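# Fold and contact review
What follows is each chain in one-letter form.
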Amino acid sequence: MSFPESPRSHPPDDAGAAGAAGDAFDPRAHPHGHTHQHGPPSPVSGHLRRLIALALVPFAVLVGIGLLVLWPAGGAPETGGGERSGVGFDRQIEDARVTSVREEPCAELGVAVQEGVTGPCEVATVEVTSGPHTGRTFDEVVPPDATQRFSTGQEVQAAYAPDAPEELQYSIIDVQRSVPVTALAALFAVAVVLVGRMRGLMALVGLAISFAVLTLFILPAILHGSHPLAVAVVGGSVIMLATLYLVHGFNARTSVAVVGTLLSLLLIGALGWLFIDWAHLTGNTSDQTGLVHSLYPDIEIRGLLLASVLIGSLGVLDDVTVTQTSAVWELRLAEPGAGWLKLYRAGMRIGRDHIASVVNTLVLAYAGAALPLLLLFTIAQQPVTTVAFSELVAEEIVRTLVGSIGLVASVPMTTLLAALVVSAERPGARSRPRARSRTGARGARRR
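Because the structure is predicted, anything quoted here is derived from the model rather than measured. (Residues numbered from 1 in each chain as written. Predicted model: local features only at pLDDT ≥ 70, side-chain atom pairs only at ≥ 80, totals over all residues. Heavy atoms only, no water.)

### Section: the overall build of the protein chain
- Looking only at helices and strands, one finds 14 helices and 5 strands in the protein chain.
- The burial tally for the protein chain puts 35% of its 447 residues in the buried class.
- Here the analysis covers contacts within the protein chain between residues at least 6 apart in sequence; of these, 69% occur between residues at least 24 apart.
- When the accessible surface of the protein chain is totalled, it reaches about 25400 Å², and 63% of it is carbon and sulfur. (Helix = DSSP H or I, 4+ residues; strand = E, 2+ residues; numbered from the N terminus. Buried < 20%, exposed > 50% of the residue type's maximum accessible area, 1.4 Å probe, protein only. Contact = heavy atoms within 4.5 Å. Areas by Shrake-Rupley, 256 points an atom, 1.4 Å probe, with all protein chains shown as cover.)

### Focus: the side chain of Arg332
- Looking at where Arg332 falls in the secondary structure, it is placed in helix H8 (residues 301-334).
- A polar contact is formed between the side chain of Arg332 and the backbone oxygen of Pro336, at a distance of 2.7 Å. (Polar contact = N/O pair within 3.5 Å; in protein donor to acceptor, adjacent residues only side chain to side chain.)

### Focus: the pairing of strand S3 (residues 137-142)
- The side-chain alternation of S3 yields one buried face, formed by Phe138, Glu140 and Val142, and one unburied face, formed by Thr137, Asp139 and Val141.
- Pairing geometry for strand S2 (residues 121-128) and S3, over 6 bridges, is antiparallel. For Glu122, the partnering residue across the bridge sits in S3 and is Val142. (Pairing = 2+ DSSP bridges.)

### Regarding the sheet that holds strand S1 (residues 92-104)
- A sheet is described by the order of its strands in space; here 5 strands give the open sequence S3-S2-S1-S4-S5, paired in antiparallel fashion. The open sheet has two free edges, formed respectively by S3 and strand S5 (170-175), since each of these has just one partner strand. The mean inter-strand angle of the sheet, taken between neighbouring strand axes irrespective of direction, is 45°. (Axes fitted to C-alpha atoms, helices over the stretch in contact; angles between N-to-C directions.)

### Structural notes on the nonpolar core
- If you look at the biggest cluster of nonpolar residues, it comprises 58 residues, and the most contacted ones within it are Phe217, Val231, Met240, Val258, Trp329 and Leu343.
- Every element with two or more residues in this core is listed here: helix H2 (46-70), helix H4 (178-223), helix H5 (228-248), helix H6 (252-278), H8, helix H9 (340-369) and helix H12 (391-422).
- With 12 residues, the single largest contributor to this core is H8.
- Setting aside chain neighbours within four positions, we find Met240 in contact with Phe59, Val258, Thr261, Leu262, Leu314 and Asp318. (Core = buried A, V, L, I, M, F, W, Y, C linked by side-chain atoms within 4.5 Å.)

### Notes on the packing of H5 against H6
- Between H5 and H6, the least distance of the axes is 10 Å, while the angle of their chain directions is 160°. Here H5 lies roughly antiparallel to H6, going by the angle between them. In this structure, H5 meets H6 at a crossing whose hand is right-handed. Residues Leu229, Met240, Leu241, Leu244, Tyr245 and His248 of H5 form the contact with H6, whose own contacting residues are Thr254, Ser255, Val258, Thr261, Leu262 and Trp273.
- Of the residues belonging to the contact of H5 with H6, the class tally is 8 nonpolar, 4 polar and no charged. (Parallel < 35°, antiparallel > 145°, perpendicular 65-115°, else oblique. Left-handed = near helix turned anticlockwise from the far one by under 90°. Nonpolar A, V, L, I, M, F, W, Y, C, P; charged D, E, K, R; others polar.)

### Considerations on empty space enclosed by the protein
- With the rule as written, the count across this model stands at 1 cavity of 30 Å³ or more.
- One number sums up the size of the largest cavity: a volume of about 30 Å³.
- Contributing to the lining of the largest cavity are Gly272, Ile276, Leu281, Leu305, Val309, Glu395, Val398, Arg399 and Val402.
- Among the elements of the structure, H6, H8 and H12 are those that each provide at least two residues to the lining of the largest cavity.
- Sorting elements by how many residues they give to the lining of the largest cavity places H12 first, with 4 residues.
- Among the residues making up the lining of the largest cavity, the classes are represented as 6 nonpolar, 1 polar and 2 charged. (1 Å grid on protein atoms, 1.4 Å probe; cavity = no way out; pocket = protein on both sides within 12 Å on 5 of 7 lines; lining within 4 Å. Points joined across faces, edges and corners; volume = space filled by probe spheres on them.)

### Notes on unusual backbone geometry
- One non-glycine residue, Arg197, lies in positive phi territory at about 55°.
- Positionally, Arg197 belongs in helix H4.

### Some thoughts on the packing of aromatic side chains
- Per the stated rule, a full pass over the model turns up 5 aromatic pairs.
- Relative to Tyr170, the ring of Phe138 lies with its centre 6.0 Å away and its plane at 20°, an arrangement referred to as stacked. One end of the pair, Phe138, is in strand S3; the other, Tyr170, is in strand S5, with 32 residues separating them in the sequence.
- Residue Phe138 is classed as buried on the basis of its relative accessible area, which comes to 7%. (Phe/Tyr/Trp six-rings, centres within 6.5 Å; stacked < 30°, edge-to-face > 60°.)

### Overview of the state of the cysteines
- Using the criterion set out here, one finds 1 disulfide in the structure.
- At a sulfur-sulfur separation of 1.9 Å, the disulfide partner of Cys106 is Cys121. On the sign convention where negative is left-handed, the bridge of Cys106 and Cys121, at about 110° about the S-S bond, is right-handed. Of this pair, Cys106 sits in helix H3 (residues 106-109) while Cys121 sits in strand S2, and the two are 15 residues apart along the sequence. The pair Cys106 / Cys121 is uniform in exposure class, with both members buried. (Disulfide = S-S within 2.5 Å.)

### A word on the pattern of salt bridges
- If you walk through the whole model with that rule in mind, you get 11 salt bridges.
- Across the salt bridge formed by Arg253 and Glu330, the nearest N and O atoms sit 4.0 Å from each other. Of this pair, Arg253 sits in helix H6 while Glu330 sits in helix H8, placing them 77 residues apart in sequence.
- The exposure class of Arg253 is buried, given its relative accessible area of 18%.
- Residues joined in a network through salt bridges with shared partners are Arg102, Glu104 and Asp139. (Salt bridge = Lys/Arg side-chain N within 4 Å of Asp/Glu carboxyl O.)

### Describing the packing of H6 against H12
- It is the contact of H6 with H12, at a shortest axis distance of 8 Å, that shows an interaxial angle of 150°. Here H6 lies roughly antiparallel to H12, going by the angle between them. As H6 runs across H12, the sense of the crossing is right-handed. Between H6, through Val256, Val259, Gly260, Leu263, Ser264, Leu267, Ile268, Leu271, Gly272, Phe275 and Ile276, and H12, the contact on the second element is made entirely by Val398, Val402, Gly403, Ile405, Gly406, Ala409, Ser410, Met413, Thr414, Leu417, Ala418 and Val421.
- Class assignment of the residues belonging to the contact of H6 with H12 gives a composition of 16 nonpolar, 7 polar and no charged.

Below, the structure written as structure tokens:
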């Protein structure tokens, strides 16, 4: 069902007055008396703008205080003597290059292969190209059933284990893929700027801010012992405020999206806390989580799980709330005389389509990320109930469903807020056409 067309019962002077009112509010409008605009007007009274400020300014102040209180002093704390152990993720990584690849029988190399696997092993000769041992070479044996193969001239990364025998100190851990990943990132940036223009450029700046908050605040603060939930709330709020206002501007429309996002995050946090506790989820279901817990025993793992739910939901929440707010604003422009209830119903018709697509996206995104795990359960021929209620899968189910409930709830909440705010026209918006009509009224009295 389409939203009705704008009525044309108003005289032409009404349109000019509405444009002038929009210019008076819109900070991007020209300061002179022209009625044209560079963007949609924001028909919001000064009283409502003050109410929005009263709600958001204290919140921004609290976020700033939390940022100062939780800000980590220095980088990540040391786990031991401050030196690299040579094992785990703290091992020393050097650049290297494959200089040659030859084939040799696996039996002569002492490499055992699985039954049914045929073919010779490959021996890659690798030269270290960085670090104190630049120029040293070592051999890397590649079994015939290995998924990663090497070629002459290929750039790779080698791990250095100082405590191992000299001939075993270096080994290949990965290939060098910085060039294709950087090229893809540059292509993404160019596409965003070409299509989004200045708005796209600001979105890229917002992306950089999000990455900076994550790496400079959220991760170090958690490692310093701050509660992950508190860090996620403060860090996520900084990301939300910075990116939304940077990309969409300081106006009532963005403020409504911020309030809708904040309310949805509160709901996600409350539901996440309830169901993580009710389902007795520990959050320690992966090798990475276990390694973090062993290196930093003071980190609250269940809080880390809830923090991941909040941060993971924030990006999609921004999309939903901004879209719904913009939809209501555009509907108001299409029919200036529509009341808040009509705007809400029309916005919800758009929002229901948004809900259906977002929920399906979340489920498919998890299924795609967990496809190898689902294949393992299928190979094991485990019942669906056993798989779903195991902690490994139940954790992801709770994460996905709690985030989805918050996304679903954000649509009616944000749409209602936007409809109430945008339907409150600025006082005196129509005073100008009424003043101009006095001449016509006096002429009618003379006749």
